Amino acid sequence: MIGIYLIGAFVIGVLLFYNRNKTVNYLLSGIFLLLQWIFTIYEYRHLNIEDSGYFMPDSLAVIFLVVLSIVCIPAFYHSYIYFKHNRDIPRERGIYHAATVLLIASLSAAYLASHIGVTWVFVELTTLSASALIYHRRNVRTLEGTWKYIFVCSISITLVFIGILFLTLALQEAGLKNLSYQSLIEKAPVLNVFWLKLAFLFIFTGYTAKAGLVPMYTAGIDAKDKAPSPAGALIGSVLMTVGFFGIFRFYEIISHTSIYSWSNKIILISGVLSVFVATVYMLRVKNIKRMLAYSGVYHMGLVVIGLAAGGIGRYAAILHLVLHSFTKPTLFFQTGQIYRIYKSKSIYDIGNYFKYNLTGALVLLFAFFIVTAMPPSGMFVSEFLVFRSLFESGNWWILAFILLLLTLIIWSFGKNILKILFIPPVGFNDEKVEKIPAVESYSHFILLALVIYLGLHPPAEFVQLINSAITHLPH
Amino acid sequence: MTNILLITFLITLIYIGVAKRLYTYISILAIQGVLLFGVAFIELIEINTINLVFVLMETIVFKAIVIPLFLNYIINKNNITREAEPFLPNFISLVIITIIILGSFLLSNTIHDPHLRKIFFVVALSALFTGLFIITTRRKIITHVMGFLVIENGVFVLSLAVGNEMPMLVNTGILLDIFVGVLLLGIFVNKIGDVLKEQDVEQLRNLKD
């Protein structure tokens, strides 16, 4: 099935690339959405049955495949709105949609890959498609963002490749050749520890560029800022998940070896540093999209902290990642509306949002409560469980430090969002303000409601999927 | 024979540290391509023919001819000044690259693994760190790309060390080479030439907080 899906997505992508007609363009996007959903349902029904040799829809992959398929519907819808109100050149629109299709298809394939090399190839493809999206506006600033993104991602993807080479050195000693995750997990205890350590360091560092963690988080920040907001929503949520996948799959292998606790320390350090760096930037950042990008960095930090703390933290990590993938797109879509009203992303130029766009302001207010994990946000549950796992694993100092940093983050986040909502902007001429129809915000409410529902009252099926996703990790 | 080729490769790394002109960088990259062709030919002679031809074509055509010609074309087309403009004096670059090579040599001596061929490890590691060093200490964007190509060459050497066992990995590594090379050079440097007048990394410093 995945073969058909990938070929279908590729054909649709090529057609979108060459097509100049608007109706055909949106028709093709619609067909792709249909294909994406058929594929998702098919893989969900064939849970844990190998597909085409190199792909395997295990619980983790299926969870995030469903998340991706849900998020890409509003992403296409808001892209449509974006082109209605911005420069709409047929060629650019074609490239944009082709890149989106390629991005979604390669993300799906990277989630499902059951072979370390296949994951790597599809993560590489996401760099290509994402950079086409970032360069969409074709000016000096987007050029800079794209350049940084491609350069940092290329170097980090090379680091991952070096890590895979070290892994094969570890395998040679055990006389193995198979690089699929399943066989690696089975053979993990006999692998050479020295090479495994090197492999882990390189693979972890490499995938942090996608996941948005220290040390390679910088590339993603500019990318999310410069891409059009619907594309930024995809880059800021489901694309970060793919980096987590790379780390998590290798972490599963490591967890069966003697360097398990060592790797936990590395991940914990990276997570805490990510939260710290995000806090420092959140306190001074004045561009709303960059603020959201840094918020993504600290959320990913919390996710890997939960993963490394163990116990209930792993459940919380997956849950948090799912909820984050729904919340962040909402905020990015909303910045698209803000930009249409104020023609600026700087917090100095934005304000009194309730007056100009009531529905959008409500979305922003709710999304702020949800993203900072205030009850009834589902993220409250997942963050609370992350803290509990830190508490139970005896990392008191880290817990206290993280809580302090989170307080600062919530303070600066709240300061900026409340300024946008209530304080009138200086020198803003509100005579020709565009009226934004409320219908454009409905998708936001649905996504936010989903976050509350999945956090407070998760369906039994969902809980079971998460639990079986983390069964490979030792208890 | 492999040893001689790989040691020559190490010497080119030292040379790239003191090179002044961009054309010298390009020639060094071309020479490295030829050297890698030799190493790949000797090392991979046992794998099946189609794979071997693919690997050899990649090294000789892509690394030794196409990329250098393309870099040349970019420099001429965009009127990039010929100087490499390092932030550091050449003497210090020389010292640092020597330290990198010595360091990777000492590091590899601490590894006791009968399967590892240390010379590959030393060369690959030195190329990796030299490439990173070039990226961090040169001003022009085009030299960043060249530093990246040096890293790629190092990765290629490392993949040759496991190449007999897993030719698939060498092929994937090559696909990475071609993919990123085309992406960075083909699409990108042309665009930078259109939008910016000088290929100076100083101009790409507006995005910050």
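Fair warning: this is a prediction, and the values are worked out from it, not measured in the lab. (Residues numbered from 1 in each chain as written. Chains lettered and ligands numbered in written order. Predicted model: local features only at pLDDT ≥ 70, side-chain atom pairs only at ≥ 80, totals over all residues. Heavy atoms only, no water.)

Chemist: Please set out the overall build of chain A residue by residue, giving values where relevant.
Modeler: Tallying secondary structure elements over chain A gives 20 helices and 0 strands in all. Projected onto the principal axes, the alpha-carbon positions of chain A cover approximately 75 × 55 × 45 Å. Within the span of chain A, comprising 475 residues, buried residues form 65% of the whole. Relative to all contacts within chain A whose residues are 6 or more apart in sequence, the contacts with residues 24 or more apart total 80%. (Helix = DSSP H or I, 4+ residues; strand = E, 2+ residues; numbered from the N terminus. Buried < 20%, exposed > 50% of the residue type's maximum accessible area, 1.4 Å probe, protein only. Contact = heavy atoms within 4.5 Å.)

Chemist: Before we move on, can you summarise the environment of Tyr 251 of chain A with the specific residues and values?
Modeler: Residue and element names in this part refer to chain A. Positionally, Tyr 251 belongs in helix 11 (residues 238–254). Overall, the relative accessible area of 0% leaves Tyr 251 in the buried class. The spacing of Tyr 251 and Thr 359 is 108 residues in sequence and 43 Å in space, taken between C-alpha atoms. Here Tyr 251 is in contact with Tyr 260, Ser 263, Asn 264, Ile 267, Leu 307, Ala 308 and Leu 473, once residues within four sequence places are set aside.

Chemist: Lay out the interface of chain A and chain B with the relevant residues and their values.
Modeler: In this assembly, 47 residues from chain A lie in contact with 41 residues from chain B. Around 4,100 Å² of area is buried between chain A and chain B when both sides are counted, 78% of it from carbon and sulfur atoms. Summed over the shared surface of chain A and chain B, the result is 0 salt bridges. Counting the contacts that link chain A with chain B gives 1 residue pair in polar contact (both at pLDDT 80 or more). Elements with a contribution of two residues or more to the side of chain A that touches chain B: helix 5 (116–134), helix 6 (140–174), helix 8 (193–211), helix 9 (218–226), helix 12 (260–284) and helix 13 (288–309) of chain A. A total of 24 residues in the side of chain A that touches chain B trace back to one element, the largest contributor, which is helix 6 of chain A. Taken together, the residues that form the side of chain A that touches chain B break down as 28 nonpolar, 8 polar and 11 charged. (Buried area = accessible area lost by both parts, 1.4 Å probe. Salt bridge = Lys/Arg side-chain N within 4 Å of Asp/Glu carboxyl O. Polar contact = N/O pair within 3.5 Å; in protein donor to acceptor, adjacent residues only side chain to side chain. Nonpolar A, V, L, I, M, F, W, Y, C, P; charged D, E, K, R; others polar.)

Chemist: Can you break down the nonpolar core residue by residue, with the values?
Modeler: All names here are of chain A. Core analysis: the largest hydrophobic core is formed by 249 residues, its most contacted members being Phe 64, Phe 166 and Phe 250. At 18 residues, helix 6 tops the list of elements feeding residues into this core. Those residues within four positions of Phe 250 in sequence are excluded, and the remaining contacts are Ile 116, Leu 167, Leu 196, Ala 199, Phe 200 and Ile 203. (Core = buried A, V, L, I, M, F, W, Y, C linked by side-chain atoms within 4.5 Å.)

Chemist: Tell me what's going on with unusual backbone geometry, and back it up with residues and numbers.
Modeler: Negative phi characterises most residues that are not glycine, and trans characterises most peptide bonds. Residues and elements named next belong to chain A. Following Val 214, the chain continues into Pro 215 via a peptide bond in cis, with omega recorded as 10°. Of the consecutive residues Pro 375 and Pro 376, the connecting peptide bond is found in the cis state with omega at 10°. At Ser 52, a position not held by glycine, the phi torsion is positive, near 55°. Residue position: Ser 52 is located in the loop between helix 2 (22–45) and helix 3 (59–85). Of note, Arg 138 is a non-glycine position whose phi angle comes to about 55°, a positive value. Counting through the fold element by element, Arg 138 comes out in the loop between helix 5 and helix 6.

Chemist: Can you tell me about helix 11 of chain A, naming the residues and giving the values?
Modeler: With 17 residues, helix 11 of chain A extends 24 Å from end C-alpha to end C-alpha; this agrees with the ideal 24 Å at 1.5 Å per step. Within helix 11 of chain A, 17 of the 17 residues are buried, which leaves the element mostly enclosed by the surrounding structure. (Expected span 1.5 Å × (residues − 1).)

Chemist: Run through the side chain of Thr 2 of chain B, naming residues and quoting values.
Modeler: Residue and element names in this part refer to chain B. Of note, Thr 2 is situated in helix 1 (residues 2–18). There is a polar contact of 3.4 Å between the side chain of Thr 2 and the side chain of Glu 43. Contacts of Thr 2, omitting those with residues within four sequence positions, involve Val 39, Ile 42, Glu 43 and Phe 120.

Chemist: Mind laying out the packing of helix 1 of chain B against helix 5 (residues 118–137) of chain B, listing which residues take part and the relevant values?
Modeler: The packing of two helices is summarised by the inter-axis angle and the distance between the axes. Residues and elements named next belong to chain B. It is the contact of helix 1 with helix 5, at a shortest axis distance of 10 Å, that shows an interaxial angle of 15°. As far as their axial angle goes, helix 5 and helix 1 are roughly parallel. In this structure, the crossing between helix 1 and helix 5 has a hand that is left-handed. The residues of helix 5 that touch helix 1, namely those facing Thr 2, Asn 3, Leu 6, Ile 7, Phe 9, Leu 10, Leu 13 and Ile 16, are Ile 119, Phe 120, Val 123, Ser 126, Ala 127, Thr 130 and Ile 134. Of the residues contributing to the contact of helix 1 with helix 5, the split by class is 11 nonpolar, 4 polar and no charged. (Axes fitted to C-alpha atoms, helices over the stretch in contact; angles between N-to-C directions. Parallel < 35°, antiparallel > 145°, perpendicular 65-115°, else oblique. Left-handed = near helix turned anticlockwise from the far one by under 90°.)

Chemist: Give me the pattern of salt bridges: which residues, what numbers.
Modeler: Should their charged atoms come close, side chains of opposite charge can pair. Residues and elements named next belong to chain A. Counted by the stated rule, this structure contains 15 salt bridges over all chains. The closest approach of N and O atoms between Asp 58 and Arg 249, which form a salt bridge, is 2.8 Å. With Asp 58 in the loop between helix 2 and helix 3 and Arg 249 in helix 11, the pair connects residues that are 191 residues apart, well separated along the chain. With a closest N to O distance of 3.0 Å, Asp 222 and Arg 290 form a salt bridge. You can see Asp 222 sitting in helix 9 and its partner Arg 290 sitting in helix 13, a full 68 residues away along the chain. With respect to burial, Asp 222 and Arg 290 carry one shared label: buried. The network of salt bridges with shared partners includes Glu 144, Lys 148, Asp 222, Asp 225, Lys 226, Arg 290 and Lys 345.

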